[in-house]
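Take a look at the letters that make up each chain.
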Amino acid sequence: MKLNNYKAPLREWFNQADRKKEKDESVSALKVEDLYFSYVEGKPILQHIHFDIKKGEMVSIVGKNGAGKSTLSNLICGFYKPVKGRILLNGEDVAPLSIKERGEKIGLVMQSPNQMISKPMIYEEVALGLAVRGVPEKEMKERVYETLKICGLYPFRNWPVSALSFGQKKRVSIASILVMNPEVLILDEPTAGQDYRHYTEIMEFLKDINENFGITIIMITHDMHLMLEYTDRAIVIADGHLIADDTPARILTNEQIADKAYLKKTSLYDLAVNCQIDNPSEFVERFIAYERQQRKLRIEKVKENPAHVKDIIL
Amino acid sequence: MSKILSYEEKDTWIHQLSGVTKLIFFLLWCVVSMMTYDTRILILMVVFSLFVFKISKTQWKQVGSVFKVVMVFLIFNVVAIFFFSPDQGSHIYGTRTVLFHIAGRYDMTLEQLFYELNVVIKYFTIIPTVFMFLVTTNPSEFAASMNKVGISYNVGYAISIALRYIPDVQGEFTKIKHAQEARGIEMSGKASFLNRIKSTASIIFPLIFSSMDRIDTVSNAMELRGFGKHKKRTWYMAKKLKRNDYLTIGFTVIFAIVALVFTFADGSRFYNPFV
Ligand SMILES: Nc1ncnc2c1ncn2[C@@H]1O[C@H](COP(=O)(O)OP(=O)(O)OP(=O)(O)O)[C@@H](O)[C@H]1O
Ligand SMILES: [Mg+2]
C-alpha cells in the first residue's frame with residue numbers, strides 16, 4: 001500500500017484528535033484476589049488471577065481457546081469453588097453465597113445456549129427468571145416483550161426454541177438474562193454466530209445499558225473488533241495466568257502479549273508504524289475514540305429521524 | 001469433581017482385564033442371579049460381588065448417587081410385590097405362617113418376608129457388578145475387544161459410544177443445573193424434596209431429547225466419514241485376552257454351572273427353609 005501521500009495528514013490528525021477520556025469511577029463492582037483453580041488435582045487451570053472491575057465499567061476478557069476464561073466466569077457464579085483466593089462482589093466476599101444468591105446480582109450468559117435453555121417455548125424461556133421471582137404476570141409480559149424486541153426475537157416469541165438456529169438460540173439466552181436486570185452482566189462470547197446486524201444491535205444495547213444504567217459488563221470474547229470498539233479495558237489470560245490488564249489498544253499493540261495470547265495485532269497499529277507516528281498505541285486509541293464518536297453521532301441522528309435506521313445498521 | 005458411573009483409570013487387575021471378559025462375567029452373573037432363588041447361593045454371590053467391588057478400588061462418590069436411586073426403586077419394587085401379591089411367599093413355600101394381620105386380604109407372613117428378602121438380595125448381587133463393570137471398562141477398549149471376539153464392530157461401537165456419553169451427559173446436566181440455579185431456581189438442599197424433583201425433571205427431559213438429537217447428528221457425521229462402509233476397521237485400543245482373562249472366564253462359567261446345578265438339584269428354583 002502506498003502511504004506516502006497520507007503520512008503527513010494522518011500525523012496531523014493524530015495530533016489534534018481528542019484523547020480518550022479516562023473513567024475515574026472508583027467503586028469496585030467485582031474484585032478477584034489471587035484466585036487459583038484446578039479441575040483435577042495437580043493440573044492448575046487458573047493461577048494467581050487478580051483484577052478489580054469498577055462499577056459501570058465495560059471490560060473484555062480475552063485469550064486463546066482453553067485459556068480458562070469460561071472457567072473463570074463459572075467460578076464467579078459459584079459453579080465451582082476456587083482452590084485459593086477470593087471473589088468480592090460490591091466489596092463483599094461471595095464465598096458463603098449459593099449459586100442462586102449470586103444469580104440475583106450477577107447474570108451469566110453461558111457460552112453454549114443449549115446449556116441455558118430448558119423451556120420448550122421462547123416466551124417461557126425468557127420469562128423463566130422473572131416467573132420464579134414472582135414478578136406479576138402483566139409486568140413480566142411487558143419486560144419479556146421489550147427484551148425480545150431488543151434481541152430481534154419479537155417475531156419469534158411464540159415459536160418453539162427447537163426451531164431456532166444457533167445464533168438465534170444464543171440471543172434467546174442473552175434475552176433470558178437481560179430481562180432480569182442484573183447488576184453485573186457476564187457474557188461468554190455474546191457475538192459468536194451472530195450476523196453483523198444482530199451483532200450491532202446487541203452491542204449497541206449493551207453499551208446503552210452500560211452507559212445509562214451503570215450496569216457493569218464483562219465480555220469474554222475472541223472478537224478483537226468488539227474488544228476495541230466497545231470495551232475500555234481488556235484482561236488477557238494465557239495458560240491460566242493473567243498476563244495483561246490494560247486498554248484494548250495498548251494490548252493489541254503490544255507484540256509480546258498479542259503473541260502469547262494468540263491475539264491478532266490490529267492493522268491500525270501497522271498503519272501507525274508505517275506512518276512513523278511515535279506512539280502507535282495512542283494512535284489506535286484515539287482512532288477508536290474518534291470512530292465511537294462518529295457512531296454516536298450517527299445513532300443520534302437516527303434517534304431524531306428513525307427512517308434512517310437502515311443506514312447505520314446496513 | 002468425580003464423574004458418576006464413568007470409566008476412571010486405575011491400576012488394578014480388574015481394570016486390566018479385557019472388556020469382553022468383564023462382559024461375559026457380567027452377563028453370566030446376571031443370568032445366575034435371575035434364575036436362582038437359592039438364598040445360600042445368592043448370599044455367596046453378594047459376598048463375592050462386594051469383594052470384587054472392593055478390589056476394583058471403586059469409590060463411593062463414583063457410584064453413590066446412582067446407588068441411592070436404585071435403592072428407591074428397590075423399595076418401590078418390594079412394596080409393589082407385597083401390594084399386588086401378598087401371598088406369593090406362601091404360594092411358593094407351601095406354608096403360611098401369619099405374623100400379624102394388616103387389613104383385608106393383607107397378612108404379613110414369614111414366607112412373604114423371606115421371599116422378598118430374596119428379591120432384595122438379588123438386587124445386591126447385581127448392583128456392585130454393574131458399577132464395577134461401568135467404572136473399570138474403558139469404552140474404546142471395550143469396543144475393540146468385542147470386535148476381536150467376532151462381534152460386528154457396529155454393535156461394539158454403539159455400545160462404546162453409549163458408555164462414552166455417560167460422562168458427557170452428566171457434565172451437560174451439571175451445567176444446565178447451574179444455569180437454572182443462577183436464574184433463581186433453587187435446586188440445592190434448601191429447596192423442598194418435591195420441588196427438587198420437579199425442577200430436576202424439567203432439566204432431564206430436554207436433556208434426553210437433545211441427546212437423542214445428538215445421536216442423530218453423530219451418526220450422520222460418522223457416516224460421512226465412512227463409518228460402516230467396510231467390513232473391517234483398525235483398532236488401536238484392542239487388548240488380547242491374557243491369562244487372567246481366561247482364568248476369569250473359566251471361573252465364571254464353572255461358577256454358573258455349579259450354582260445352577262445346585263439350585264435346581266431339588267427340582268425347584270427356591271431354597272425352602274420352611275419344610
Ligand atoms: N469440566 C472440566 N473438567 C476438566 N477440565 C476442564 C473442564 N472444563 C474445562 N476444562 C479444562 O480447563 C481449561 C480451560 O477451559 P475453559 O472452558 O475455561 O477455556 P476457555 O478459555 O473458555 O476456552 P474457549 O475460548 O474455547 O471457550 C481447558 O484446558 C479445559 O480442557
Ligand atoms: Mg469458553
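Conventions we followed
- Residues numbered from 1 in each chain as written.
- Chains lettered and ligands numbered in written order.
- Predicted model: local features only at pLDDT ≥ 70, side-chain atom pairs only at ≥ 80, totals over all residues.
- Heavy atoms only, no water.
- Helix = DSSP H or I, 4+ residues; strand = E, 2+ residues; numbered from the N terminus.
- Buried < 20%, exposed > 50% of the residue type's maximum accessible area, 1.4 Å probe, protein only.
- Contact = heavy atoms within 4.5 Å.
- Areas by Shrake-Rupley, 256 points an atom, 1.4 Å probe, with all protein chains shown as cover.
- Lys, Arg positive; Asp, Glu negative; His and termini not counted.
- Charge placed at Lys NZ, Arg CZ, Asp CG, Glu CD.
- Core = buried A, V, L, I, M, F, W, Y, C linked by side-chain atoms within 4.5 Å.
- Near = heavy atom within 4 Å.
- Polar contact = N/O pair within 3.5 Å; in protein donor to acceptor, adjacent residues only side chain to side chain.
- Nonpolar A, V, L, I, M, F, W, Y, C, P; charged D, E, K, R; others polar.
- Buried area = accessible area lost by both parts, 1.4 Å probe.
- Salt bridge = Lys/Arg side-chain N within 4 Å of Asp/Glu carboxyl O.
- Axes fitted to C-alpha atoms, helices over the stretch in contact; angles between N-to-C directions.
- Parallel < 35°, antiparallel > 145°, perpendicular 65-115°, else oblique.
- Donors = N, O, S within 2.8 Å, 3.2 Å for Na, K, Ca; no water.
- 1 Å grid on protein atoms, 1.4 Å probe; cavity = no way out; pocket = protein on both sides within 12 Å on 5 of 7 lines; lining within 4 Å.
- Points joined across faces, edges and corners; volume = space filled by probe spheres on them.
- Phe/Tyr/Trp six-rings, centres within 6.5 Å; stacked < 30°, edge-to-face > 60°.
- UniProt positions renumbered as here; feature names shortened; annotations may be inferred.
- Patch = residues over 30% accessible without salt bridge, like charges linked within 9 Å, V, L, I, M, F, W, Y side chains within 5 Å.
- Disulfide = S-S within 2.5 Å.

### What to know about the overall build of chain B
Reasoning step 1: Tallying secondary structure elements over chain B gives 10 helices and 2 strands in all.
Reasoning step 2: Burial status across chain B gives 41% buried among its 275 residues.
Reasoning step 3: When contacts within chain B are restricted to residue pairs at least 6 apart in sequence, those whose partners lie at least 24 apart make up 76%.
Reasoning step 4: When the accessible surface of chain B is totalled, it reaches about 15700 Å², and 69% of it is carbon and sulfur.
Reasoning step 5: Distance between charge centroids for chain B: 7 Å, based on 30 positive and 18 negative side chains.

### Remarks on the nonpolar core
Residues and elements named next belong to chain A.
Reasoning step 1: In this structure, Phe51, Leu72, Val144, Leu185, Leu206 and Ile217 are the most contacted members of the largest nonpolar core, which totals 73 residues.
Reasoning step 2: Ranked by residue count, the leading element in this core is helix H7 (residues 196-213), at 6 residues.
Reasoning step 3: If sequence neighbours within four positions are ignored, Phe51 has contacts with Leu30, Lys31, Val32, Leu72, Arg233, Ile235, Leu242 and Asp245.
Reasoning step 4: Counting residues in each nonpolar core, the second largest holds 26 residues, with Leu3, Phe14, Met227 and Ala249 among its members.

### Observations concerning the site of ligand 1
All names here are of chain A.
Reasoning step 1: In the region of ligand 1, 13 residues are neighbours, and Gly66, Lys69, Ser70, Thr71 and Gln111 sit closest.
Reasoning step 2: The separation between an oxygen atom of ligand 1 and a polar side-chain atom of Lys69 is 2.7 Å.
Reasoning step 3: One of the side-chain nitrogen or oxygen atoms of His222 is found 2.8 Å away from an oxygen atom of ligand 1.
Reasoning step 4: Relative to its unbound accessible surface of 640 Å², ligand 1 loses 65% to contact with the protein.
Reasoning step 5: For the shell around ligand 1, the leading source of residues is helix H2 (residues 69-76), giving 3 residues.
Reasoning step 6: Within the shell around ligand 1, the residues separate by chemical class into 3 nonpolar, 7 polar and 3 charged.

### Here we look at the interface of chain A and chain B
Reasoning step 1: Tallying the contact residues gives 21 residues for chain A and 16 residues for chain B.
Reasoning step 2: Surface buried jointly by chain A and chain B totals about 1800 Å² across both partners, of which 58% is contributed by carbon and sulfur atoms.
Reasoning step 3: Counting across the interface, chain A meets chain B through 1 salt bridge.
Reasoning step 4: Run the count over chain A and chain B and you get 4 residue pairs in polar contact (both at pLDDT 80 or more).
Reasoning step 5: Going through the elements one at a time, helix H3 (99-103), helix H4 (122-132) and helix H6 (166-178) of chain A are the ones with two or more residues in the side of chain A that touches chain B.
Reasoning step 6: Partitioning the side of chain A that touches chain B into residue classes produces 10 nonpolar, 7 polar and 4 charged.

### Re the environment of Leu27(B)
Residue and element names in this part refer to chain B.
Reasoning step 1: Residue position: Leu27 is located in helix H2 (residues 19-35).
Reasoning step 2: Judged by its relative accessible area of 46%, Leu27 falls in the partly exposed class.
Reasoning step 3: For the pair Leu27 and Val130, spaced 103 residues apart in sequence, the C-alpha to C-alpha distance is 9.9 Å.

### Remarks on the packing of H2(B) against helix H7 (residues 139-148) of chain B
Residues and elements named next belong to chain B.
Reasoning step 1: With their axes 8 Å apart at the nearest point, H2 and H7 run at an angle of 80° to one another. In terms of orientation, H2 lies roughly perpendicular with respect to H7. In this structure, H2 uses Gly19, Val20 and Leu23 to contact H7, whose residues at the interface are Glu141, Phe142, Ser145 and Met146.
Reasoning step 2: Split into classes, the residues belonging to the contact of H2 with H7 amount to 4 nonpolar, 2 polar and 1 charged.

### Topic: the coordination of the magnesium ion (ligand 2)
Residue and element names in this part refer to chain A.
Reasoning step 1: Summarising the metal site, the magnesium ion (ligand 2) is bound by the protein donors Ser70 (OG) and Gln111 (OE1), whose distances to it range over 1.9 to 2.2 Å. In this pair, Ser70 sits in helix H2 while Gln111 sits in the loop between strand S6 (106-109) and H4, placing the two residues 41 residues apart along the sequence.
Reasoning step 2: The partly exposed category is assigned to Ser70, whose relative accessible area is 24%.

### Notes on empty space enclosed by the protein
Reasoning step 1: Taken as a whole, this structure holds 3 cavities of 30 Å³ or more when the rule is applied.
Reasoning step 2: If you add up the space inside the second largest cavity, you get close to 50 Å³.
Reasoning step 3: Every residue lining the second largest cavity is listed: Ile106(A), Gly107(A), Leu108(A), Met110(A), Met116(A), Ile177(A), Met180(A), Ala179(B), Ala182(B) and Arg183(B).
Reasoning step 4: Looking at the lining of the second largest cavity, the elements with two or more residues in it are S6 of chain A together with helix H8 (153-182) of chain B.
Reasoning step 5: A per-element tally of the lining of the second largest cavity places S6(A) first, with 3 residues.
Reasoning step 6: Partitioned by chemical class, the residues of the lining of the second largest cavity number 8 nonpolar, 1 polar and 1 charged.

### Let's talk about the packing of aromatic side chains
Residue and element names in this part refer to chain B.
Reasoning step 1: A complete count under the given rule lists 27 aromatic pairs over all chains for this structure.
Reasoning step 2: Both rings, one in Trp29 and one in Phe255, keep their centres 5.2 Å apart while their planes meet at 25°; by these two values the pair is stacked. Of this pair, Trp29 sits in helix H2 while Phe255 is found in helix H10 (residues 243-264), placing the two residues 226 residues apart along the sequence. Considered together, Trp29 and Phe255 belong to a single accessibility category, that of buried residues.
Reasoning step 3: Arranged with centres 5.4 Å apart and planes meeting at 35°, the rings of Phe48 and Phe251 form a pair that is tilted.

### Concerning the side chain of Asn138(B)
Residue and element names in this part refer to chain B.
Reasoning step 1: Locating Asn138 in the fold gives a position in the loop between helix H6 (110-136) and H7.
Reasoning step 2: According to the relative accessible area criterion, Asn138 is buried, its value standing at 17%.
Reasoning step 3: Among the polar contacts listed, one links the side chain of Asn138 to the backbone nitrogen of Ser140, at a separation of 3.1 Å.
Reasoning step 4: Ignoring sequence-local partners within four residues, the contact set of Asn138 consists of Tyr7 and Met237.

### What to know about the side chain of Lys69(A)
Residues and elements named next belong to chain A.
Reasoning step 1: Position of Lys69 among the secondary structure elements: in helix H2.
Reasoning step 2: Buried charged residue Lys69 carries no salt bridge. Nearest counter-charge: Glu189, at 5.2 Å.
Reasoning step 3: If near-sequence neighbours (up to four positions away) are discounted, Lys69 is found in contact with Ile61, Val62, Gly63, Lys64, Ile220 and His222.

### Topic: the UniProt feature "transmembrane region" (unreviewed entry) in chain B
Reasoning step 1: UniProt tags residues 23-53, 65-84, 120-138 and 246-265 of chain B as "transmembrane region" (unreviewed entry).
Reasoning step 2: As annotated, residues 246-265 of chain B has a helix share of 95% and a strand share of 0%, and its two end C-alpha atoms lie 28 Å apart.

### Comments concerning a nonpolar patch on the surface
Residue and element names in this part refer to chain B.
Reasoning step 1: A surface patch of nonpolar side chains, amounting to about 600 Å² of accessible area, comprises Ile204, Phe205, Ile208, Phe209, Met212 and Ile215.
Reasoning step 2: Positionally, Phe205 belongs in helix H9 (residues 193-224).
Reasoning step 3: With relative accessibility at 48%, the residue Phe205 sits in the partly exposed group.

### As for the state of the cysteines
In a disulfide, the sulfur atoms of two cysteines are held together by a covalent bond.
Residues and elements named next belong to chain A.
Reasoning step 1: Tallied over the full model, the rule gives 0 disulfides over all chains.
Reasoning step 2: Lacking any disulfide linkage, Cys151 is separated from the closest cysteine sulfur, that of Cys77, by 18 Å.
Reasoning step 3: A residue is classified by how much of its surface remains accessible, and Cys151, at 2% relative accessible area, is buried.

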